[in-house]
Amino acid sequence: RYALHRLFVQRHGWQVKGLAANGETWDAAHPSTAFADKVSSEVRSLFDDRLRNAGLDLHELVVFAATLEHLIHSEAMTRLHSAYRLSNEEPMKSLPRQKADGLIQNYMAIYVTGLNASATSEANMQHYVTNIRKIYPGWEHTVKFLEHLQDEVVGDRPVYEFSDIT
């Protein structure tokens, strides 16, 4: 669990639920809790059985990390495609900065509300995005942070490519 936690913090800056100690000892919980409901019970039980018995060897740890990383990336891409749909934009199309700003804010609204983009209707997501200022009191600070980050990463380009948004 500690090795996975360090990997994701150092590589991506991610705090993955189920991996951080959060006041517990490092061996108090199985890292497979990080999979939550993202994998089948069969896959999770394979990891749990191995962890209960001998632990993971280096190869198994790499497989576990790659699987978790893939799941997180897939979840992020699902959110991004949902943000594109809510913005009435096509992925891979260049966007003027103002439209790209709106799309990025839609993505972040889906993220901070914790919506499961693959299991939430588009109408329900639209409701959350429209009412984000009421639902998430720190929204204005989040928008300022996003604007600052965009200025650092993309600069003052008037048009954003897909790679600028991702």
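A quick note: this is a predicted structure, and the numbers were derived from the prediction, not measured.

> Help me understand the overall build of the protein in this model?
Helix and strand counts for the protein stand at eight helices and two strands. Listed N to C, the secondary structure of the protein is α-α-α-β-α-α-α-α-β-α in terms of helices and strands. Among the 166 residues that make up the protein, the fraction classed as buried is 34%. Within the protein, contacts between residues at least 6 apart in sequence are counted, and of these 54% link residues at least 24 apart. Surface accessibility of the protein: about 10300 Å² in total, with carbon and sulfur atoms responsible for 54%.

> For this particular structure, what's the right way to read a nonpolar patch on the surface?
On the surface, Phe145, Leu149 and Val153 cluster together to form a nonpolar patch covering roughly 290 Å² of accessible area. Residue placement: Val153 occurs in helix H7 (residues 139–153).

> What's the story with helix H4 (residues 97–113) in this structure? I'm lost.
Because the α-helix completes a turn every 3.6 residues, residues three or four places apart line up on one side. Here H4 contains 17 residues, and its C-alpha end-to-end distance of 24 Å stays within 8% of the 24 Å for a straight helix at 1.5 Å per residue. Those residues of H4 not exposed but buried are Arg97, Ala100, Asp101, Leu103, Ile104, Asn106, Met108, Ala109 and Ile110.

> Teacher, can you tell me more about the packing of H4 against H7 here?
Geometry of a packed helix pair, given as the angle between the helix axes and the separation of the axes. One way to put it is that H4 packs onto H7 with a least axis distance of 11 Å and a crossing angle of 130°. As far as their axial angle goes, H7 and H4 are oblique. The hand of the H4/H7 crossing is right-handed. Each of Arg97, Asp101, Ile104, Gln105, Met108, Ala109 and Val112 in H4 lies in contact with H7, whose residues at this interface are Trp139, Thr142, Val143, Leu146, Glu147, Gln150 and Asp151. Grouping the amino acids of the contact of H4 with H7 by side-chain chemistry returns seven nonpolar, three polar and four charged.

> Just to check I follow, could you spell out the nonpolar core for this structure?
Side chains that are nonpolar tend, in soluble globular proteins, to be buried together. Among the nonpolar cores identified, the biggest contains 23 residues, and Tyr84, Leu103, Ile110 and Ile165 are the most heavily contacted of them. Within the residue set of this core, elements represented by two or more residues are helix H3 (58–86), H4, helix H5 (122–130), H7 and helix H8 (162–165). Among the elements that take part in this core, H4 stands out by supplying six residues, more than any other. Not counting residues up to four positions away in its chain, the partners in contact with Ile110 are Arg79, Ser82, Ala83, Leu86, Leu115, Ala117, Met125 and Val129. Within the second largest apolar cluster, eight residues are counted, among which are Leu4, Phe8, Val16 and Ala65.

> Looking at this structure, how should I read the environment of Val16?
Along the polypeptide, Val16 turns up in the loop between helix H1 (2–12) and helix H2 (41–53). Residue classification places Val16 among the buried residues on the basis of a relative accessible area of 11%.

> Can you walk me through the confidence of the model for the protein in this structure?
Close inspection of predicted coordinates is inappropriate for parts of the model with low pLDDT. With 88% of its residues at a pLDDT of 70 or more, the protein shows a mean pLDDT of 83. Mean pLDDT across the secondary structure elements of the protein bottoms out at H2, with 74, and peaks at strand E1 (residues 95–96), with 94.

> Looking at this structure, I do not really get the pattern of salt bridges. What am I missing?
Under the defined criterion, the tally for this structure stands at nine salt bridges. Residue Glu89 is joined to Lys93 by a salt bridge in which the shortest nitrogen-to-oxygen separation is 3.5 Å. By relative accessible area, which is 10% here, Glu89 ends up buried. Here Lys93 falls in the partly exposed class, since its relative accessible area comes to 42%. One salt-bridge network, in which partners are shared between bridges, spans Glu89, Lys93 and Lys99.

Quick notes on the rules
Residues numbered from 1 in each chain as written. Predicted model: local features only at pLDDT ≥ 70, side-chain atom pairs only at ≥ 80, totals over all residues. Heavy atoms only, no water. Helix = DSSP H or I, 4+ residues; strand = E, 2+ residues; numbered from the N terminus. Buried < 20%, exposed > 50% of the residue type's maximum accessible area, 1.4 Å probe, protein only. Contact = heavy atoms within 4.5 Å. Areas by Shrake-Rupley, 256 points an atom, 1.4 Å probe, with all protein chains shown as cover. Patch = residues over 30% accessible without salt bridge, like charges linked within 9 Å, V, L, I, M, F, W, Y side chains within 5 Å. Salt bridge = Lys/Arg side-chain N within 4 Å of Asp/Glu carboxyl O. Expected span 1.5 Å × (residues − 1). Axes fitted to C-alpha atoms, helices over the stretch in contact; angles between N-to-C directions. Parallel < 35°, antiparallel > 145°, perpendicular 65-115°, else oblique. Left-handed = near helix turned anticlockwise from the far one by under 90°. Nonpolar A, V, L, I, M, F, W, Y, C, P; charged D, E, K, R; others polar. Core = buried A, V, L, I, M, F, W, Y, C linked by side-chain atoms within 4.5 Å. pLDDT = per-residue confidence, 0-100.

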